[in-house]
Amino acid sequence: MLDGEFYEGDATVRVKTDLAHPDPAMRDYSAMRIVNTPIHPRVDATVFPLMNFSVAVDDHLLGITHVIRGKDHIANTGRQRYIFGYFGWKPPVYYHYGRMGISGVVLSTSSMREGIRNGVYTGWDDVHLGTLRAIARRGIQPEAVREAMLDIGIGDTDITFSWENLYARNKEIIDPKANRYFFVPDPVEVVVEGAPRHEARAALHPNDPSRGVRTLVTEGRVLLPKRDIEGRSMVRLKDLYNVRIAWDGDVPHLTYAGESLEDARREKAPIIQWLPADAKIPCTLHTQEGDVEGFCEPLVAGEVDRVVQFERVGFARVDSVTDGRVDAFFAHR
């Protein structure tokens, strides 16, 4: 073969095993083949080792002690053990894991590349993709990914990845650090009749008073989430006061109903987020289900590249601020 006496397909080098082996893949498998067409830019050769032979030699020369790979390589592990045995080398420790399915994101590299090329996805960090860059852009911490993988462990059965487990791990990490802010999606601007001028002092973090508060001042003109007041007769604006709602068809009329938290609880009034009508900045919250337009507190503009919690909405990573508009990526609740 090395002298060029044979051509591609004429001859092959096989590893002698056992022709009666119960697994046909183990029976005298090929180790080297002839390639007449140059396929390597640095090697002028016609005889090339096949994968199992070259991998076994590489693992030995590189001093590999542990090999971790999918269970679809179990047959390759058996083939490579023959190579180690014939050379008298100590084989590595082999671990095989089952396929891990991840729902809700695109995992196929070819589909990702095609989608990016066609403009379906914005890049490798698009939140619809299953890349590490994509989940990092949403504010998922590296430590959370590591802990979630350790929770799963190594097993040779196929599993479905648990997003909830990852989110729980991530929340443990970011919750103590994330400042709290209001974000009002799909807002409606209303006037609360009879409301006094009020200065709400909301904690930046409920469990860390040392961080201080953010101050929201309103004289009755506020932004409220449309979906949170529809069909309601009373709501409580968080850290502010109670509001009574009367409906004239689809038009709400809001009146001040005092500051008693007990009154709100007695009437089972939901607590909702809000913003002063004259103290807010536009914010787009990018989610896997689509973009949510709304407004957030001005202080959010100072949180670029950090994870915050939009109260009663969820955790989000503030990605950028452009021309006074905040772009944030939803992580989880």
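Definitions and limits used
Residues numbered from 1 in each chain as written. Predicted model: local features only at pLDDT ≥ 70, side-chain atom pairs only at ≥ 80, totals over all residues. Heavy atoms only, no water. Helix = DSSP H or I, 4+ residues; strand = E, 2+ residues; numbered from the N terminus. Rg over C-alpha atoms; globule rule 2.2 N^0.38 Å. Buried < 20%, exposed > 50% of the residue type's maximum accessible area, 1.4 Å probe, protein only. Lys, Arg positive; Asp, Glu negative; His and termini not counted. Charge placed at Lys NZ, Arg CZ, Asp CG, Glu CD. Salt bridge = Lys/Arg side-chain N within 4 Å of Asp/Glu carboxyl O. Contact = heavy atoms within 4.5 Å. Pairing = 2+ DSSP bridges.

A.B. asks: Just to check I follow, could you spell out the overall build of the protein chain for this structure?
C.D. replies: Of regular secondary structure, the protein chain possesses eight helices and 23 strands. Against the globule reference of 20 Å for 333 residues, the protein chain gives a C-alpha radius of gyration of 31 Å, more extended than a compact globule. Taking all 333 residues of the protein chain together, the buried fraction comes to 38%. The positive charge centre, built from 41 side chains, and the negative charge centre, built from 48, are 3 Å apart in the protein chain.

A.B. asks: Please explain the side chain of D126 as it appears in this structure.
C.D. replies: Its location among the elements puts D126 in the loop between α3 (109-117) and α4 (132-137). R137 provides the closest opposite charge to the buried, salt-bridge-free D126, at an N-O distance of 6.8 Å. Those residues in contact with D126 that sit more than four places away from it in its chain are V120, Y121 and A134.

A.B. asks: What should I look at first to understand the pattern of salt bridges in this one?
C.D. replies: Two side chains bearing opposite charge may form a pair once their charged atoms approach each other closely. In total, this model carries 24 salt bridges according to the counting rule given. Here R197 and E219 are joined by a salt bridge, their closest N and O atoms 3.6 Å apart. You can see R197 sitting in the loop between β10 (187-193) and β11 (198-203) and its partner E219 sitting in the loop between β12 (213-218) and β13 (221-225), a full 22 residues away along the chain. One exposure class covers both R197 and E219, and it is exposed. A salt bridge links E311 to K238; the shortest N-O distance between them is 2.9 Å. Here K238 lies in the loop between β14 (234-237) and β15 (242-248) and E311 lies in the loop between β21 (307-310) and β22 (314-322), a separation of 73 residues in the sequence.

A.B. asks: What exactly am I supposed to notice about the sheet that holds strand β20 (residues 290-296) here?
C.D. replies: Sheet strands associate in pairs through backbone hydrogen bonding, adopting either a parallel or an antiparallel arrangement. Taken together, the seven strands give an open sheet; going across it, the order is β8-β21-β22-β23-β19-β20-β9, and neighbouring strands pair in mixed fashion. In the strand order of this sheet, the two ends are held by β8 (180-181) and β9 (183-185), each with one partner. Inspection of the sheet shows strand β19 (residues 281-287) paired to strand β23 (residues 325-332) by four bridges, in the parallel sense. Paired with L285 across the bridge in β23 is A328.

A.B. asks: Sorry, what's going on with the pairing of β15 here?
C.D. replies: Inspection of the sheet shows β14 paired to β15 by three bridges, in the antiparallel sense. Following the sheet pairing, V235 is matched in β15 by V243. Adjacent in sequence and paired antiparallel, β14 and β15 are bridged by four residues, among which D239 carries a positive phi angle near 65°. Of the pairings in the sheet, the one linking β15 to strand β16 (residues 251-256) comprises six bridges and is antiparallel in character.

A.B. asks: What is the right way to look at the environment of P24 in this model?
C.D. replies: Within the secondary structure, P24 sits in the loop between β1 (12-14) and β2 (30-34). Separated by 150 residues in the primary sequence, P24 and I174 have C-alpha atoms spaced 52 Å apart.

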